[in-house]
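Geometric and topological summary
Listed below, chain by chain, are the residues.
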Amino acid sequence: MQPRQRIPDGPRPSSPNGLGGYVERIADDLKTIARDEVELVRGELEHMVKLSAAEAAGVLIAALVALIGFCMLCVAGVVAIAPIIPSLALRLVLMAVIFLAGGGGIAMHFIKRLGKDLKPDLDVVVHEAKQTKNAVADTIATDEATPHA
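Residues numbered from 1 in each chain as written. Predicted model: local features only at pLDDT ≥ 70, side-chain atom pairs only at ≥ 80, totals over all residues. Heavy atoms only, no water.

1. A few points about the overall build of the protein
Secondary structure assignment for the protein yields three helices and zero strands. Listing each helix as α and each strand as β along the protein from the N terminus yields α-α-α. Across the 149 residues in the protein, those meeting the buried criterion constitute 11%. Pairs at least 24 residues apart make up 66% of the contacts formed inside the protein by residues separated by at least 6 positions. A total accessible area of about 11,600 Å² is found for the protein, and carbon and sulfur atoms account for 71% of it. (Helix = DSSP H or I, 4+ residues; strand = E, 2+ residues; numbered from the N terminus. Buried < 20%, exposed > 50% of the residue type's maximum accessible area, 1.4 Å probe, protein only. Contact = heavy atoms within 4.5 Å. Areas by Shrake-Rupley, 256 points an atom, 1.4 Å probe, with all protein chains shown as cover.)

2. Describing the packing of helix H1 (residues 18-80) against helix H2 (residues 88-117)
The contact between H1 and H2 brings their axes to 11 Å, and the two run at 165°. What the angle tells us is that H1 and H2 run roughly antiparallel. Crossing hand, H1 versus H2: right-handed. In contact with Met48, Ser52, Glu55, Val59, Leu67, Phe70, Cys71, Cys74, Gly77, Val78 and Val79 of H1, H2 contributes Leu88, Arg91, Leu92, Met95, Ile98, Phe99, Phe110, Leu114 and Asp117. Residue classes in the contact of H1 with H2 are distributed as 15 nonpolar, two polar and three charged. (Axes fitted to C-alpha atoms, helices over the stretch in contact; angles between N-to-C directions. Parallel < 35°, antiparallel > 145°, perpendicular 65-115°, else oblique. Left-handed = near helix turned anticlockwise from the far one by under 90°. Nonpolar A, V, L, I, M, F, W, Y, C, P; charged D, E, K, R; others polar.)

3. A closer look at H1
Compared with the 93 Å implied by 1.5 Å per residue over 63 residues, the 91 Å span of H1 between its first and last C-alpha is a close match. Among the residues of H1, Gly20, Gly21, Thr32, Glu37, Met48, Ser52, Cys74, Gly77 and Val78 are the ones counted as buried. (Expected span 1.5 Å × (residues − 1).)

4. Brief notes about the confidence of the model for the protein
With 82% of its residues at a pLDDT of 70 or more, the protein shows a mean pLDDT of 80. For the protein, per-element mean pLDDT is lowest for helix H3 (residues 123-145), which scores 78, and highest for H1, which scores 87. (pLDDT = per-residue confidence, 0-100.)

5. Brief notes about the packing of aromatic side chains
One pass over the structure, following the stated rule, counts one aromatic pair. Centre to centre, the rings of Phe70 and Phe99 are 5.1 Å apart; their planes meet at 25°, and the pair counts as stacked. In this pair, Phe70 is assigned in helix H1 and Phe99 in helix H2, connecting sequence segments 29 residues apart. Assessed through its relative accessible area of 25%, Phe70 is described here as partly exposed. (Phe/Tyr/Trp six-rings, centres within 6.5 Å; stacked < 30°, edge-to-face > 60°.)

6. Regarding a nonpolar patch on the surface
A surface patch of nonpolar side chains, about 410 Å² in accessible area, is lined by Leu64, Leu67, Ile68 and Met72. By secondary structure assignment, the location of Ile68 is in helix H1. (Patch = residues over 30% accessible without salt bridge, like charges linked within 9 Å, V, L, I, M, F, W, Y side chains within 5 Å. Salt bridge = Lys/Arg side-chain N within 4 Å of Asp/Glu carboxyl O.)

7. Comments concerning the side chain of Glu37
Here Glu37 shows up in helix H1. Residue Glu37 is classed as buried on the basis of its relative accessible area, which comes to 15%. Those residues in contact with Glu37, other than ones at most four positions away along the chain, are Val125, Glu128, Ala129 and Thr132.

8. Re the state of the cysteines
Summed over all chains, the structure comprises zero disulfides. Not engaged in a disulfide, the cysteine Cys71 finds its nearest cysteine sulfur in Cys74; these two sulfurs lie 6.7 Å apart. Overall, Cys74 belongs to the buried group, its relative accessible area being 10%. (Disulfide = S-S within 2.5 Å.)

Next comes the structure, spelled out in structure tokens:
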């Protein structure tokens, strides 16, 4: 990322007509504000993407471990219900249905959770943009109230 050029603080040279100088200052300030706000939003989005990727990786690893455990549980269940249901095929189908229902429920839970986490929190950015807008409005009002030579 290239460092951006900052407009120095303090008095700026005025143009031959006073109104043109104010328009130039306002345009420069608006460009700086817009650039800063875009950088803030970009930073917030990068943070959210990194956070979501880390959470997704954790969920994937946990899901894999849980899947292995659930498979072992289903095999034990198939063996355990042999006295009740003598047919091996029927026991396997029963455990497959239980397996699919449990896995589908868990997957839906995490999909909903991930969907909530992906929404960026822009409250801080919106608050700062409003503060900046108010500061610019106050500066314009102050400059208009100040007598010029």
